[in-house]
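Coordinates in review
Read off the chains here:
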Amino acid sequence: MPLPERRRRARLAAAAAIAAVATTAAVAQTAPTRDAAPAAPASAPAPASGAGPTTPPGMVRYDHPVVRDGKVILWHGAWRDKLRPKDREQSAKDQAPNAADQGQSAAATAPPKPSPSSFALLADPSDACATRLAGDFVAAMQASGASGRIVAGGVSAAALGAAVDGDSADLAIAPLDALVAEPQASAAWRERAPFIAKLGGEPIEIIAARDVSDLRQLAGREVGFGVADSAGATSAAVLFNALGVAPRPAYEPLADALDDLAAGRLAAVVATDGRCAPTLAQFGADKRFHELAVRWTPAMRSLYAPARLTAKDRPNLIDAEERLETVAAPRALIAVDAAPGSSRAQSAAALTKTFFDGFDRLLVPDKDDAWRDVNLAAEAPWPRLRAAQAWIDAARPALDASLQSFRAAARGAASADGGPAAQDSDRLYDSLMQWRGAGQ
Amino acid sequence: MPMILLKSVAGLFAGVAVGALGLAYWPQFQPATVAARPVAESSQRVAQSAPPALDKSAVDKLALALRDVQPNAAPAAAGPTRGLTLAPTNAAFSAPSDDARRFRAQGLVALAGGDVAAARAFLEHAADAGDARALLVLGDAYDPATLTRLGAIGVKGDASRARAYYQRASDAGLADARQRIAAVEVSQ
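Parameters at a glance
- Residues numbered from 1 in each chain as written.
- Chains lettered and ligands numbered in written order.
- Predicted model: local features only at pLDDT ≥ 70, side-chain atom pairs only at ≥ 80, totals over all residues.
- Helix = DSSP H or I, 4+ residues; strand = E, 2+ residues; numbered from the N terminus.
- Buried ≥ 20, exposed ≤ 12 C-beta atoms within 10 Å, placed from the backbone.
- Contact = placed C-beta atoms within 7 Å.
- Axes fitted to C-alpha atoms, helices over the stretch in contact; angles between N-to-C directions.
- Parallel < 35°, antiparallel > 145°, perpendicular 65-115°, else oblique.
- Left-handed = near helix turned anticlockwise from the far one by under 90°.
- Nonpolar A, V, L, I, M, F, W, Y, C, P; charged D, E, K, R; others polar.
- Pairing = 2+ DSSP bridges.
- Expected span 1.5 Å × (residues − 1).
- Right-handed = clockwise from strand over helix to strand, strands pointing away.
- pLDDT = per-residue confidence, 0-100.
- Core = buried A, V, L, I, M, F, W, Y, C linked by C-beta atoms within 7 Å.

Along its length, chain B carries 9 helices and 1 strand. Order of helices (α) and strands (β) in chain B, N terminus to C terminus: α-α-α-β-α-α-α-α-α-α. Here chain B holds 188 residues, and the buried ones make up 46% of them. In chain B, of all internal contacts separated by at least 6 residues, the share reaching a separation of at least 24 is 58%.

Helix and strand counts for chain A come out as 16 helices and 13 strands. Of all 440 residues assigned to chain A, the portion counted as buried reaches 45%. A separation threshold of at least 6 residues defines the contact pool for chain A, and within that pool the share at least 24 residues apart is 73%.

All names here are of chain A. Looking at the element boundaries, Asp337 is found in the loop between strand 13 (323-335) and helix 13 (343-357). Taking the C-alpha atoms as reference, Asp337 lies 8.4 Å from Glu191; in sequence the two are 146 residues apart. Discounting residues that sit within four places of it in the chain, Asp337 has contacts with Val164, Asp167, Arg192 and Arg344.

Moving on to the packing of helix 5 (residues 116-128) of chain B against helix 6 (residues 132-142) of chain B. Residue and element names in this part refer to chain B. Two numbers describe how helix 5 lies on helix 6: the axes approach to 9 Å, and their chain directions differ by 155 degrees. Between helix 5 and helix 6, the interaxial angle falls into the category roughly antiparallel. The two elements helix 5 and helix 6 meet at a crossing, and its hand is left-handed. Where helix 5 abuts helix 6, its residues Val116, Ala119, Arg120, Leu123, Glu124, Ala126 and Ala127 lie against Ala134, Leu135, Val137, Leu138 and Ala141. Residues that form the contact of helix 5 with helix 6 fall into these classes: 10 nonpolar, no polar and 2 charged.

Right, let's get into the sheet that holds strand 11 (residues 289-291) of chain A. Residue and element names in this part refer to chain A. Read from one edge to the other, the open sheet built from 5 strands follows the order 9-8-10-7-11, with strand pairing classed as mixed. With one partner strand each, in any of the chains shown, strand 9 (248-251) and strand 11 form the two edges of the open sheet. Strand-to-strand, the axes of this sheet are offset by a mean angle of 30 degrees, without reference to chain direction. Pairing of strand 8 (residues 222-226) with strand 10 (residues 268-271) involves 2 bridges; the strand directions are parallel. In the sheet register, Gly224 faces strand 10, and the bridge partner there is Val269. Its contacts with the sheet place helix 10 (residues 231-243) against strand 8, strand 9 and strand 10, and it is angled at close to 135 degrees to strand 8. Sheet contacts for helix 11 (residues 254-262): strand 7 (205-209), strand 8, strand 9, strand 10 and strand 11; angle to strand 10, the most-contacted strand, approximately 155 degrees.

All names here are of chain B. Along its 13 residues, helix 8 (residues 159-171) runs 18 Å from first to last C-alpha, staying within 8% of the 18 Å computed at 1.5 Å per residue. For helix 8, the complete set of buried residues consists of Arg161, Ala162, Arg163, Ala164, Tyr165, Tyr166, Gln167, Arg168, Ala169, Ser170 and Asp171. Positive phi shows up at Gly173, right after helix 8, with a value of about 105 degrees.

Residue and element names in this part refer to chain A. Located in the positive-phi region is Asp229, a residue other than glycine, with phi close to 65 degrees. In this fold, Asp229 is placed in the loop between strand 8 and helix 10. One non-glycine residue, Asp337, adopts positive backbone phi at about 55 degrees. Accessibility expressed as a C-beta count within 10 Å gives 21 for Asp337, which makes it buried.

Attention now moves to the pairing of strand 4 (residues 147-152) of chain A. Residues and elements named next belong to chain A. Across 6 bridges, strand 3 (residues 118-123) lies against strand 4 in parallel orientation. For Leu121, the partnering residue across the bridge sits in strand 4 and is Ile150. Since strand 3 and strand 4 lie parallel, the crossover through helix 6 (residues 128-143) that links them has a hand, and here it is right-handed.

Residues and elements named next belong to chain A. Residues with a pLDDT of 70 or more make up 73% of chain A, whose mean pLDDT is 78. This model gives residues 1-8 a pLDDT under 50, and the stretch forms 6 contacts once residues within four places in sequence are excluded. Every residue in residues 10-65 is under pLDDT 50, and counting partners more than four places away or in other chains gives 77 contacts.

The subject of this paragraph is helix 4 (residues 98-112) of chain B. A turn of α-helix holds 3.6 residues, and therefore any two residues three or four places apart point the same way. When the terminal C-alpha atoms of helix 4 of chain B are compared, their 21 Å separation across 15 residues agrees well with the 21 Å that a helix rising 1.5 Å per residue should span. Gly114 of chain B, located one to two residues past helix 4 of chain B, shows a positive phi value of around 85 degrees.

We now examine the nonpolar core. Leu121, Leu122, Leu171, Ala172, Ile334 and Val336 of chain A are the most contacted members of the largest nonpolar core, which has 157 residues in total. When near neighbours in sequence (up to four residues on either side) are disregarded, Ala172 of chain A contacts Leu121, Leu122, Val155, Leu160, Ala163, Ile334 and Val336 of chain A.

Residue and element names in this part refer to chain B. Mapped onto the secondary structure, Leu174 falls in the loop between helix 8 and helix 9 (176-187). Leu174 sits in the partly exposed class, given 19 other C-beta atoms within 10 Å. Along the chain, Leu174 and Ala132 lie 42 residues apart, while their C-alpha atoms are 7.8 Å from each other. The contacts of Leu174, once residues within four sequence positions are left out, are Ala132, Arg133, Leu136 and Ala169.

In structure tokens:
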């Protein structure tokens, strides 16, 4: 492992240890009665206002406790420069009790004006590509007048669910494969985490010793999946499930996993962010390892697209003049806790407008190339934020009948059992040609 | 008094924790650091330059060139491809395999849904597997005018690349390709 990486990890470990000690002390001070009355927080009514007499200005008080491992870890919400709309609504209600008595909600009479001035973007720190995209996003939004910050945290379905419940972020960059494949994600939950834009796919790379030539040889063997509950680990699990291969997952950072692979303690390592991971670029100079081909199959439809790597991408792991087939997992920009009609959906709408209006700021040389593959109007098997769809509908030309016919045919083919089949290809092709001909 | 002392100690610990965490994550989340890319990584994205010119008269050369859809990728004839079955060098474009047609169908579905990057990937695989019609659709997937009509927002087309794919489709015998070439040339 490179020395700087070890130093950085050592600093992280030290910081985490210190934080654990300090958090314990802080919790002991801020919630001294929680253990004595454990049932109280769950049933406690929401505070009347986020800026009550005991809450410092600018701090939003949660209307519910945040519990982890059976302990209340936060009682007040994150600092924000402005009250969130929900609290503004509540504040307006408090200030206009007569209107409420008359059956008119304060929100209806004085609709909140969501401000895109500040936001928190959740990104998985173990996903180097997502982190890079998050950095680009925050910089572009700042150039458009919205200040934001990156919040490091998990973005698997379970972790995103916690973010939705815990109000820890406004937006998130999450892997779509993990979200779509999550069986516990109900329709209502999906509506609370709608996507704003589908981002580009990243090739999934599986590195193994050269005596492993086929993915099926990994069945029952230990394979590095990435950090536990990370986006990469979830994607790895989804991929192997789609492939019908069941290795034993090992959860650790990519650099450690590569060390273990080199030492023979792992049979293979999965990297879902290899394009952005310098550790992988330096690995395998002794030519003892190579990348395994991942053949796209119809079982992967709607989750993965094919991708291709060459020796130019991985000179140490792919032989010269060889082309390696793999699959790419798409990511998406998600709005956190933005169910239709909610005040947070309005805040997300304002952020979406700022993002979409200034999207060209991301198509410049100092930003990640992946932005250039992003079609803001691309669909995904996931609910889209309504404001995002409305912006798209207003921005693009009206769809003529022949294009609608082509799209309907494509949707029909995609929804069939097994997805679009070989026999659909000519029908869809003819439909596309008809649309193209209509526009000549 | 002991309570005040305890609170002070807790506050001190919290301050140290915030500072330590900030120090630990500083290089990772500093925008300039995040945006910076090593030179070695720049080649890891698909190159955006135009494909090389083709010999228009020789279909068998075209079939060979089909394996080199990525302009900067190594020609398939010079090395193995793992994970994908390529068409024979002198593939009969009029009868693509089921695999090729399935890839084309997936590419068309992706294009209809606006996932242009995925559409291109599927169609390149179809073309690699010997499907000439995939070449024409690939041209559409790069044609800026077509992308605009499809309602794509953000993703940019590449007229020169679209023209190259249309040319390949034309050489493979698809008459519709000639109209496309003319339209692209007018727009350039």
